[in-house]
Amino acid sequence: MNIPGFIKPRKSLIRSGLLCDMTDIHCHILPGVDDGVSTYEEGVKALRWLNDNGVRRMYLTPHVMSDFVKNSRACLTSQFDAFTERLEKDSIKDIPELKLGAEYMLEAAFERHKEKGLIAYADRHVLVETSYMMPPVGFIRILEKLTEDGFSPVLAHPERYHYMEDSDYKSLKEHGVLFQLNYLSMTGAYGERAGKKAGKLLKNGYYDYAGSDFHHLRRHENSFLAKTLTKKQIIALKGLFDNNNRLW
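Residues numbered from 1 in each chain as written. Predicted model: local features only at pLDDT ≥ 70, side-chain atom pairs only at ≥ 80, totals over all residues. Heavy atoms only, no water.

1. Brief notes about the overall build of the protein chain
Next up, step 1: Helices and strands together make up the secondary structure of the protein chain, namely nine helices and nine strands.
Next up, step 2: Relative to a compact globule of 248 residues, whose C-alpha radius of gyration would be 18 Å, the protein chain shows 18 Å and is just as compact.
Next up, step 3: Reported as C-alpha extents along the three principal axes, the dimensions of the protein chain are approximately 60 × 45 × 30 Å.
Next up, step 4: When burial is assessed residue by residue, the protein chain has 52% of its 248 residues classed as buried.
Next up, step 5: Within the protein chain, contacts between residues at least 6 apart in sequence are counted, and of these 79% link residues at least 24 apart.
Next up, step 6: Working note: accessible area of the protein chain is about 12,500 Å², and carbon and sulfur atoms make up 51% of it. (Helix = DSSP H or I, 4+ residues; strand = E, 2+ residues; numbered from the N terminus. Rg over C-alpha atoms; globule rule 2.2 N^0.38 Å. Buried < 20%, exposed > 50% of the residue type's maximum accessible area, 1.4 Å probe, protein only. Contact = heavy atoms within 4.5 Å. Areas by Shrake-Rupley, 256 points an atom, 1.4 Å probe, with all protein chains shown as cover.)

2. A look at the pairing of strand β4 (residues 97-100)
Next up, step 1: Side-chain alternation along β4 places L98 and L100 on a buried face and E97 and K99 on a face that remains uncovered.
Next up, step 2: Of the strand pairs in this sheet, strand β2 (residues 55-60) and β4 are connected by four bridges, and their pairing is parallel. Its bridge partner lying in β4, Y59 is registered against K99. (Pairing = 2+ DSSP bridges.)

3. Quick word on unusual backbone geometry
Next up, step 1: Positioned with a positive phi, D21 is a non-glycine residue whose angle comes to about 60 degrees.
Next up, step 2: Along the chain, D21 falls in the loop between α1 (13-16) and β1 (22-24).
Next up, step 3: Of note, S91 is a non-glycine position whose phi angle comes to about 55 degrees, a positive value.
Next up, step 4: Tracing the backbone through its elements, the reader meets S91 in the loop between α3 (73-89) and β4.

4. Notes on the environment of N244
Next up, step 1: Structurally, the position occupied by N244 is in helix α9 (residues 231-247).
Next up, step 2: In the structure, N244 is positioned 59 residues away from S185 in sequence and 17 Å away in space, judged by C-alpha atoms.
Next up, step 3: Among all residues touching N244, those that are not within four sequence positions of it are M22, T23, I25, Y209 and A210.

5. What to know about the nonpolar core
Next up, step 1: Membership of the largest hydrophobic core comes to 68 residues, with the highest contact counts inside it found for I29 and Y183.
Next up, step 2: Sort the elements by how many residues they give to this core and helix α2 (residues 40-52) lands first, with six residues.
Next up, step 3: Those residues in contact with I29 that sit more than four places away from it in its chain are V37, G43, A46, L47, L50, M58, L60, F83 and F214.
Next up, step 4: Within the second largest apolar cluster, nine residues are counted, among which are Y59, L127, V154 and L247. (Core = buried A, V, L, I, M, F, W, Y, C linked by side-chain atoms within 4.5 Å.)

6. Examining the pattern of salt bridges
Next up, step 1: Taken as a whole and assessed by the stated rule, the structure comprises 14 salt bridges.
Next up, step 2: The partner of K114 in a salt bridge is E111, and the shortest N-O contact between them spans 3.6 Å. With K114 and E111 both in helix α4 (residues 110-116), this residue pair falls three residues apart, about one helical turn.
Next up, step 3: For E111, a relative accessible area of 26% translates into the label partly exposed.
Next up, step 4: Where salt bridges share partners, they join E111, K114, K145 and D149 into one cluster. (Salt bridge = Lys/Arg side-chain N within 4 Å of Asp/Glu carboxyl O.)

7. Comments concerning the sheet that holds strand β5 (residues 103-105)
Next up, step 1: One open sheet accounts for six strands, arranged β3-β5-β6-β7-β8-β9; its pairing is parallel. Pairing within the sheet leaves two strands with one partner each, and these edge strands are β3 (63-64) and β9 (209-211).
Next up, step 2: Relative to strand β7 (residues 152-156), strand β6 (residues 125-129) runs parallel, the two sharing four bridges. Paired with L127 across the two strands is V154, which belongs to β7.
Next up, step 3: Across the sheet, α9 touches β6, β8 (178-182) and β9, and the angle it forms with β9 is around 90 degrees. (Axes fitted to C-alpha atoms, helices over the stretch in contact; angles between N-to-C directions.)

8. Some thoughts on the packing of α2 against helix α8 (residues 217-225)
Next up, step 1: Close contact between α2 and α8 brings their axes to 11 Å; oriented N to C, the two are set at 15 degrees. In terms of orientation, α2 lies roughly parallel with respect to α8. As for how α2 packs across α8, the hand of that crossing is left-handed. Along its contact with α2, which presents K45, W49 and L50, the element α8 presents L217, E221 and F224.
Next up, step 2: In terms of residue class, the contact of α2 with α8 is made up of four nonpolar, no polar and two charged. (Parallel < 35°, antiparallel > 145°, perpendicular 65-115°, else oblique. Left-handed = near helix turned anticlockwise from the far one by under 90°. Nonpolar A, V, L, I, M, F, W, Y, C, P; charged D, E, K, R; others polar.)

Read these as geometric descriptors, not functional statements.
As C-alpha cells, then:
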C-alpha cells in the first residue's frame, strides 16, 4: 500500500553491500602522477580504507592528457611498477589487487598516445573522456577509429558532460560506445545536475560499467556513506559491478 508522504528507505554504498568483492575500474590512486593521490603514504591509506569496505580489485587509471605531459604509457608503467614493488617490499597486503589502466582525454595528443600503445582493460577496452564543456572536433569519428583499430571505447562519467543531452547519449550508444558511471554521482558528489542525469541514465539502462573516480579519501569518504540509493538503483548498480568483474 502506498502511504502519502511515505519516504522509501535508502542505503549508502557501504551499507548496500555493493562494494563487497567489487572491482573498481576508475580511480586516481597511483601517487604523484595527476590530480589524485599525491604521496605513497596517502595511496596506502586510501587503498586500505577501500579494502576495509569491500573493494578487492582496482584498475589505477591516471589521466593521460596535455595537463600531465609526462604521462605516457612508458612513464605510467614505470610508476606503477615502482609503486607495486614498494608495496610488496613494505609487506602491504591488506589492500585490493591492482592493475594499471589509464583515462585518456580525447584531444590532439590522443593520436600520438594511440600510436605508442594504449593502456586498456583486458587489452581492448579503453577509458576515454572529453572536456566537460564541449566535445572534441570529430568526436564520433575518433570513437569510430578506435573501434576500427580493435578497441572498445568506454566513456567515463557521461553524466558529468554539460553539453550532452538525450540525443547525444542515444547517438553514442548507437555507435557502440560503452558508458562508465561515476557511482559517486548517485550521492550528489558532483552536484545536483550530474546526480539527476546519472539517475536517469541508470534507469534507462545506458550504463555498462561503474567506477568511483576516486581521487582523495577526504574528498570522497562522506559520499560513500551518504544514504541516497534506492532498492532499484542498488539492483542496477549490482549489474554494472558484475560487468566490472568481467574486465579483470
